[in-house]
Every structure is written in C-alpha cells, then in structure tokens.
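Chain by chain, the residues:
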Amino acid sequence: FSRAVAHTPKVHQKSATKQLLCPRNCLMGDPFHEKEEREGIRWNWNAYPSTKDQANSMVLPLALLFTPLKVKSANLPTLQYEPTMCKGCKAVLNPHCRVDWTSKLWICPFCLTRNQLPTQYAEVTQQNYPQELFPNSTTVEYVMKRPSAGPPVYFFCIDTSVPMEELESLKDSIVQSFSLLPEEALVGVVTFGSMVTVWELGFNELHKSYLFGGHKEYPIEQVAEYLQVQFNAGGMVRANPSESGLIGRFLVPLSECELNLTSIIEELTPDPWEKKYDERPMHCTGSALDVSLKMLQLSGLRSGGRLILFAGGAITKGPGLIVSRDLNENIRSHNDIKTDQAPFYAAACTFYEGLAERFVSSGFACDIFAGCLDQVGIAEMSCCCKRTGGFLMMVDTFKTPVFKSTYRRFFAQGEEDLNTVYNATLEVQTSRGTKVVGIIGACSSLQKASASVSEEVEVGQGRTCAWQMSTLTERTTFGVYFDTCGVAQEGQERYLQFITSYQTPEGKHLLRVTTIAHHISPGGEPQHHVGNNVFDQDAAAVLVARQAVDMLEKNSNNVNEVMRSIDRTVINLVRRFGTYQPDEPASLRLESDFTLFPIFMYHLRRSEFLQIFNSSPDETTFFRATLIRESCSNGIIMIQPTLHSYSFHGPPQAVLLDSNSVLADNILLLDTFFDVMVHHGMTIAAWCQQKYHEMPEHEGFKQLLQAPKIDAEKLMHDRFPYPKYTECNQNGSQARILLNRLNPSVSYTSQQYGQHAGQIVLTDDANLQTFM
C-alpha cells in the first residue's frame, strides 16, 4: 500500500467541478439550454409536421416543458399598463402580430381576428412602436392596476405526538424560520396529537387555546361558533376580512405576535395521551387539516398563503386515517392497495380529495413535511399538494440535515430565494391546427374550454386551456402536450402563448406573457428531423417519464402496461429514425440526436418511479410528485443519475453508469438528485483504514479523498430539496444505493463472470446491451 501512494500527484479539482456543476445539456453553446434560459421552454421536437398522419409517424407527440418564472422579473420588460387583448380569442398583443400602422389595426396570429389598437397607441409608428412589439420581447410582464391583495398567510399545523427529541428539533427549525418570514405576514398555529389545539396568538396575557376532538369532522358553522368568530353563510369571501373575527386573534401579523408565537412553540410538549406498548400513537392529522382549512376559509382572505403541515406519524384517528392503532396491523402496501386489502385507503383518498378541492377554491397551498421512519399517509394526502402547487418532503426524522437544510431553504431570501408567488393561473393559446391535449404538473384545472383545446385526446389534466396554482416558484415546471390537426405548407410556423397571472408577496398583481413561434417541418420523414438540433433527447425523456407517472396514477399502478408502452415507444422511434439491416441487430445505427433516448428509457424502466418493489406507497408518491414539478435538467438526473470517477490515473471525469466503472482504486461520486454518494473502492477503503491520508508524505491521497467531498458540497448547495449525503465503501451496506442504479454489465449470469475488473451485480435484470 505504501509504495502505491508514496508519491501521489495533486488531484485536478478545477475540471471536475466544472463538469459536475453543469448539467448534462447545460454546457456553453447548447441551443436547447440557451432557449430555456431565455424563454423557460424546452421542446421535445423543435420542428414538427402539421397534419395528423405525419404527426403519428413521429412516434412521440409534440410537447414541451415550461417554467413560467424561469426568467427573473428584473430581466424582463415591465409594462405599467394593461395588456391589449384580441377581441376574438383573448390572446395578448405580441411581436408575432401583423400591424397595419396606417389604420392602426393588428391581426392576431392565433385566430386571425383584426383588432383596433387602443387609443393610447395613437402615436405609434413603424419607427416608434410599443415595447411588447419588439422582436426580442417574447416574454413581457404587465403590472395590473388592481387593489393590493395584502400579505400572505403562513399557517403552521404541527404534530406533537412524537418523541421529545424529535419535537425539540422540529421546534428549533420552526422558530428559526420566523426570522425569514415577512414582518407583515399573517401567521397562525394549530397543534395536534389525540386532539386538535387552536392557539389564539392575539391574546398576550397568557397562552390561550381551543380544543377540538380529533375523532370527527366539524361543520364550518360549528367551528365558527366554538372559536367565537363570524360565519358568512352567503360565501367565504369578505369585502373586509378583518370583520370575520379571526384576524387579530388567530391570524396575526408576525410583527405583533412574534414573542407570543415563539413562546408557544418553545413550550410545546409531546402529546400526553397514554398509549400501550402494542399501540401506535394517536395522530388526528386529517381532523387538524380540516379545522385549519376551515379557519382559513372563515377568514375570507384572498391574499394566498401556505398551510404547512408537519406530520410525525401514521394517521390513526379521525377522518382520513390510514391504519388502526393496533401494531399487529400493518400499514397498507402497494400490493394491499392493488388487491383491495387496504380497508381505509379508499375512504381516506375521498376525504383528502375533498380537502384538496377546498384548498383550490380558497387559494391556499398545502405543504407537507413528513418526518418518520414509517409511513404517515402521503399517498393519500399528496393530492392536497399536487393540486395547489404545494411542496412535499419526506425524511426519516426531523433531526436530519436533509430536513433542516430543506426547510431553511423553503423560506430563504436573497440568492437562495425560490421567488414564491401566490394565486397563480396559467392559460395557453395556440394557433390554428394545434390543440392543447393536457398538462402534467402541480396544478388544478379551471375547466375552461376554448378553440385551443383538443376534444379527442387527453393527457394529464386536459379538456381545458387554463389551470390554477395556489403557489408557484421559479423552479416549478409543467409538461404541456399538444395534438396537431391542421394543414400547412413548408416554412410556416405555429404560435403558442402562455399567459401567467400571479400575485407577489407584496400584494401586487402581475401578468407575464410568453409568446413563441415553432417551426413546422415539411413532413414526417426522418431527414427533416435528424440533426440541426431538432430532437431534444433530454426533454423528450422527461416528458415521457411524466406521462408514464400520470398513466400509473390513473391505472392503479399497472406497471407492466406502462413498461410495455415505453418499450413500444423505444422500438417505434428506433425503427423510424434508425438505420439497420433486418435480422442483424449489430447493424443498427442511430444518429447522435437519438442515441441517448433509448438509454434514458432503460434507466427509467429501472427507476423508483416505475419500480415499486421494496418501496412503500408513501415513498413512491414522494418520488413521483417531485418528478412532475422539477425542471428538465433535474428530471434527467432523476432518470439517469450522473457518475464521476476520481483516481490517480488522471483528472476526475464523468464515467458510464455501469458496473464496470466500479474499480478498487477509484472513488465514485453519484448524484441521483435525491441522494449524493461518495463511494470508495476496496483499495481506497483499505488505505483509509491504514490512515495514510493522515501522513504528511501522502498529501496527494488526502487531496484525492477531499476532491469528491468538495464537489458533493457544491452539488448539494443549490439543490432543493436538499439531498441525502452518504459515504460508503465498496461491498458495504450503503453501496446498494449505487449498485441499484448501475447498468449490470456483468452479473452472475454473464459469461465474463469473474473475468473482469468491475463490480459484479447480483441481479436478474437485463443489462443495457440486452435491452438494446
């Protein structure tokens, strides 16, 4: 060992850092990434035919990934007046409109309606025209003249039926987050265990609270009576929310109640209700959510905000329970749900679907932080997050750095600010011949029909051209799918417009308009779509993954059917755009534009999004919910993790996600988005046990050990949610995380068994070579 590391060279750190911090497609000069940074859009096909028959020959339907707030407001043209809209389709005036400067008319590119320019445009000419008509103003932002909506609401719903050390760690994180909230924000607190406790923050003389039994749902009239607040029977929206009696008592500006609020949180103790050794603790989570939401509805506020739930255990009491208190009864598994052996599952899903509807109508988002080694009910409750744009996080315990770092980043300001906005809506306009099939993402349908909506096909949330999100961040991404049904000649373009309205934390109302032109290819033949940056493999893979997740959720986790659908997609795409000799697999040739897509599909088939074996329903739901809201670069890392190798044989470099990359004398850095792992080969691990890195003569070995750790820290710094960090040795227990994601080039069934330098993976899965 000493001879091997006696004179080790310095590690080439700079080149590794540059590779790691740049996603696979985000390198300088990449046209797909440049367009995404400029417009927030990634097409799977950057040119697409217009007729139905030609589109069917393309195998993959036309779709895109859209991040509405990708471009910061400071970098956009901001217009201090109302937008000019088409009288026919309500599209907004944009650079693609044809303008008759003499008669002051403009023609809408979506419905071809002729519109008169408003009177404020009387002085415009071809040399002096408004900002929204500039060729580079594809995205502009309007400041709407509406009354301020007021400050946002942060309502904390805290589970106290947890061990004391868990509760202490949770309380510490919550108290620290108060310093990150706006001083004018309204805050409220509800705690729960065996009962629901509503705290009156406006009463400063002592800690005053109201108790609700956690065993049932309370009518909203009864909640108002118990809390001694007004109930508006004609509707929840009030012209003056302060008249409800909730504002100033249960919902109080942070600047007025911070001391009392901090004192209440710090003095919380675990739920005192006794439990037997063979019983689960009581968690009336469903009842607590129901009471909290009814309080927000009674307030009549329309300023938006968050209900933040901290769940510390399985729901065992009241509406929405998922399991009884008897520890002899197991919490439902995937197989139990599939075979109808989960007695509480259907009723719980119905209850939380009803809650989600009320969340959407009231304009508040539901965020869930689950901290428990066991399941807590995320599979049932997730609809409250998905339909409102809320955040979902699942950790083993509230004491982990994963929770603490993620929760801090959740409220962070400055460079780490997520730029959260409230009460957002997204509307899509399309030109003739292109129809919206649906959207897959964290939103809720507004059921708005228009000429842009397809009535034949539906993907995700379809049959509408508008969707609602209670909250929206700069990272929230949607997959939008289209159908073609028109006839066009070569050289024409199809037009799309995304109209995003939202409310800032300061109460301002903004309207962001993104208008894009998409090239129409002359036909569906391969020569029109191979090369010239037409096919974006990363975006296509993420869009297929979103569609697969949507199919699983609608078809009761019928994984085999989804697998067959993915296989058919790969086969048909390769058959269409590849070249080969019949009955000669070795003759297959794919252009560089298409070589990665089959590999992405191979790893998608083996990912946690489709493979539910050894995963709980809660875990699967968390992974899938994260996938459908993340950007293209993050989504592709979830599908095919990145792997980098560090050794004395050269500078750090990206290596194949393959078992042959695991060597005894290298260190691997794996990034799966959810996990970041540093894996030491057997020789490296043995050197560490001999403590060679602590000896001055082996400074190079010390640098080798530090290099992947430094890069891992840089990867995790900007990641949200914060990933789990693990260090392990080859053949150690945690090494299974790496082996599970590797292509098993050599397994115990291979002819090369025992005759190679890589890691043997004991699996019956087909390797990539067999798949291809």
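What you are looking at is a predicted structure, and each value in this text was computed from that prediction instead of being measured. (Residues numbered from 1 in each chain as written. Predicted model: local features only at pLDDT ≥ 70, side-chain atom pairs only at ≥ 80, totals over all residues. Heavy atoms only, no water.)

Draft legend 1. Quick look at the overall build of the protein. When helices and strands are tallied, the protein shows 20 helices and 30 strands. Projected onto its principal axes, the C-alpha coordinates of the protein cover approximately 80 × 80 × 55 Å. By the burial criterion, 59% of the 772 residues in the protein qualify as buried. The long-range fraction of contacts in the protein, counting pairs at least 24 apart against all pairs at least 6 apart in sequence, stands at 73%. (Helix = DSSP H or I, 4+ residues; strand = E, 2+ residues; numbered from the N terminus. Buried < 20%, exposed > 50% of the residue type's maximum accessible area, 1.4 Å probe, protein only. Contact = heavy atoms within 4.5 Å.)

Draft legend 2. Quick look at the environment of Ser333. Within the secondary structure, Ser333 sits in the loop between β14 (305–311) and α8 (334–338). According to the relative accessible area criterion, Ser333 is partly exposed, its value standing at 28%. For the pair formed by Ser333 and Gln375, sequence separation is 42 residues and the distance between their alpha carbons is 9.8 Å.

Draft legend 3. Main features of unusual backbone geometry. The omega torsion across Phe720 and Pro721 is 5°, close enough to zero to call that bond cis. Topologically, Pro721 is positioned in the loop between α18 (699–717) and β30 (724–729). Backbone geometry places Ser556, a non-glycine residue, at a positive phi of 55°. Inspection of the secondary structure puts Ser556 in the loop between α12 (537–554) and α13 (559–577). Looking at Ser556, the relative accessible area reads 58%, which means it is exposed. The residue Phe673 is not glycine, and still its phi comes out positive at about 80°. With respect to the secondary-structure elements, Phe673 resides in the loop between β28 (667–671) and β29 (675–680).

Draft legend 4. Inspection of the packing of helix α4 (residues 164–178) against helix α11 (residues 401–411) at higher detail. Their axes nearest at 10 Å, the elements α4 and α11 cross at an angle of 20°. For the element pair α4 / α11, the angle class is roughly parallel. The crossing of α4 and α11 is right-handed. Here Ser169, Leu170, Asp172, Ser173, Ile174 and Ser177 of α4 come into contact with α11, specifically with Phe403, Lys404, Tyr407 and Phe411. (Axes fitted to C-alpha atoms, helices over the stretch in contact; angles between N-to-C directions. Parallel < 35°, antiparallel > 145°, perpendicular 65-115°, else oblique. Left-handed = near helix turned anticlockwise from the far one by under 90°.)

Draft legend 5. Structural detail: the sheet that holds β28. Here five strands make up an open sheet; going across it, the order is β27-β26-β28-β29-β30 and the pairing mixed. Two strands bound the open sheet, and with one partner strand each, they are β27 (650–654) and β30. Each adjacent strand pair in this sheet contributes to an overall mean axis angle of 15°, direction not counted. Alignment of β29 against β30, held across six bridges, turns out to be parallel. Bridged to His679 within β30 is Cys728. (Pairing = 2+ DSSP bridges.)

Draft legend 6. Representation of the pairing of strand β9 (residues 153–159). Taken across its seven residues, β9 has seven buried, putting it largely inside the fold. Taking every second residue as pointing to the same face, both faces of β9 are buried, with Val153, Phe155, Cys157 and Asp159 on one and Tyr154, Phe156 and Ile158 on the other. Of the strand pairs in this sheet, β9 and β14 are connected by six bridges, and their pairing is parallel. Bridge pairing in β14 links Val153 to Gly305. One ladder, built from seven bridges, connects β9 with strand β10 (residues 186–192); its direction is parallel. Across the sheet, the residue bridging to Val153 is Leu186, located in β10. One crossover worth recording links β9 to the parallel β10 by way of α4, and it is right-handed. (Right-handed = clockwise from strand over helix to strand, strands pointing away.)

Draft legend 7. Just the nonpolar core, in detail. Formed by 167 residues in total, the largest nonpolar core has its most connected members in Trp45, Leu64, Phe156, Phe310, Tyr352, Phe369 and Phe498. Here this core gets ten residues from one element, more than from any other, and that element is α12. Apart from residues lying up to four places away in sequence, Tyr352 is in contact with Gly286, Leu289, Ile315, Pro319, Gly320, Glu380, Met381, Cys383 and Cys384. (Core = buried A, V, L, I, M, F, W, Y, C linked by side-chain atoms within 4.5 Å.)

Draft legend 8. Looking closely at the packing of aromatic side chains. If you walk through the whole model with that rule in mind, you get 39 aromatic pairs. A centroid spacing of 5.4 Å and a plane angle of 85° characterise the contact between Phe369 and Tyr407, whose relative ring orientation is edge-to-face. Highlighted residues: Phe369 in strand β15 (residues 364–371) and Tyr407 in helix α11, separated in sequence by 38 residues. For the pair Phe369 and Tyr407, a shared accessibility class is recorded, and that class is buried. With centroids separated by 5.8 Å and ring planes inclined at 35°, the aromatic side chains of Phe391 and Phe410 adopt a geometry described as tilted. Here Phe410 lies in helix α11 and Phe391 lies in the loop between α10 (378–386) and β16 (392–395), a separation of 19 residues in the sequence. The same class applies to Phe391 and to Phe410, which are both buried. Among the aromatic residues, those joined into a cluster by ring pairs are Tyr154, Phe310, Phe369, Phe391, Phe398, Phe403, Tyr407, Phe410, Phe411 and Phe720. When the ring centre of Phe203 is taken as reference, the NZ or CZ atom of Lys208 above it lies at 4.9 Å. Stacked on the ring of Trp273, the Lys or Arg Lys317 has its end atom at 6.0 Å from the ring centre. (Phe/Tyr/Trp six-rings, centres within 6.5 Å; stacked < 30°, edge-to-face > 60°. Lys NZ or Arg CZ within 6 Å of the ring centre and 35° of its normal.)

Draft legend 9. Structural detail: the pattern of salt bridges. Scanning the entire structure with this criterion turns up 28 salt bridges. Note that Lys171 is salt-bridged to Glu168, the shortest N-O span being 3.2 Å. Of the two residues, Lys171 and Glu168 both sit in helix α4, three residues apart, roughly one turn of that helix. Across the salt bridge formed by Arg606 and Asp765, the nearest N and O atoms sit 3.6 Å from each other. On the criterion of sequence distance, the pair formed by Arg606 in the loop between α14 (596–605) and α15 (617–627) and Asp765 in the loop between α19 (736–741) and α20 (768–771) is long-range, its members being 159 residues apart. Salt bridges here are not isolated pairs; linked through shared partners, they connect Glu36, Arg42 and Asp536. (Salt bridge = Lys/Arg side-chain N within 4 Å of Asp/Glu carboxyl O.)

Draft legend 10. Expanded view of the confidence of the model for the protein. Chain-level pLDDT for the protein is 91 on average; 93% of the residues reach the 70-or-more range. Low pLDDT, under 50, characterises residues 1–23; the stretch is placed with 52 contacts to residues that sit more than four places away or in other chains. (pLDDT = per-residue confidence, 0-100.)

Draft legend 11. Spotlight on the side chain of Thr67. If you trace the backbone, Thr67 turns up in the loop between β3 (63–66) and β4 (78–79). Judged by its relative accessible area of 3%, Thr67 falls in the buried class. Contacts of Thr67, omitting those with residues within four sequence positions, involve Gly40, Glu474, Arg475, Thr476 and Thr477.

Draft legend 12. Examining α15 more closely. The element α15 is extensively covered by neighbouring structure, given that ten of its eleven residues are classed as buried. Taken together, the buried positions of α15 are occupied by Pro617, Asp618, Thr620, Thr621, Phe622, Phe623, Arg624, Ala625, Thr626 and Leu627. Of the surrounding elements, those touching the buried residues of α15 are α8, α10, β16, α12 and α16 (632–639).

Draft legend 13. Highlighting a negative patch on the surface. Together, Glu183, Glu184, Glu258 and Glu506 line one region of the surface with negative charge. For Glu183, the location among the structural elements is in the loop between α4 and β10. Exposure remark for Glu183: the relative accessible area of 59% places this residue in the exposed category. (Patch = residues over 30% accessible without salt bridge, like charges linked within 9 Å, V, L, I, M, F, W, Y side chains within 5 Å. Areas by Shrake-Rupley, 256 points an atom, 1.4 Å probe, with all protein chains shown as cover. Lys, Arg positive; Asp, Glu negative; His and termini not counted. Charge placed at Lys NZ, Arg CZ, Asp CG, Glu CD.)

Draft legend 14. Main features of the pairing of strand β26 (residues 642–647). Most of β26 is tucked away: six of the six residues are buried. Relative to β28, β26 runs antiparallel, the two sharing five bridges. Across the sheet, the residue bridging to Leu643 is Leu670, located in β28. As defined by bridge partners, β26 adjoins β27 across three bridges and the pair is classed as antiparallel. By the bridge assignment, His644 is partnered in β27 with Ala654.

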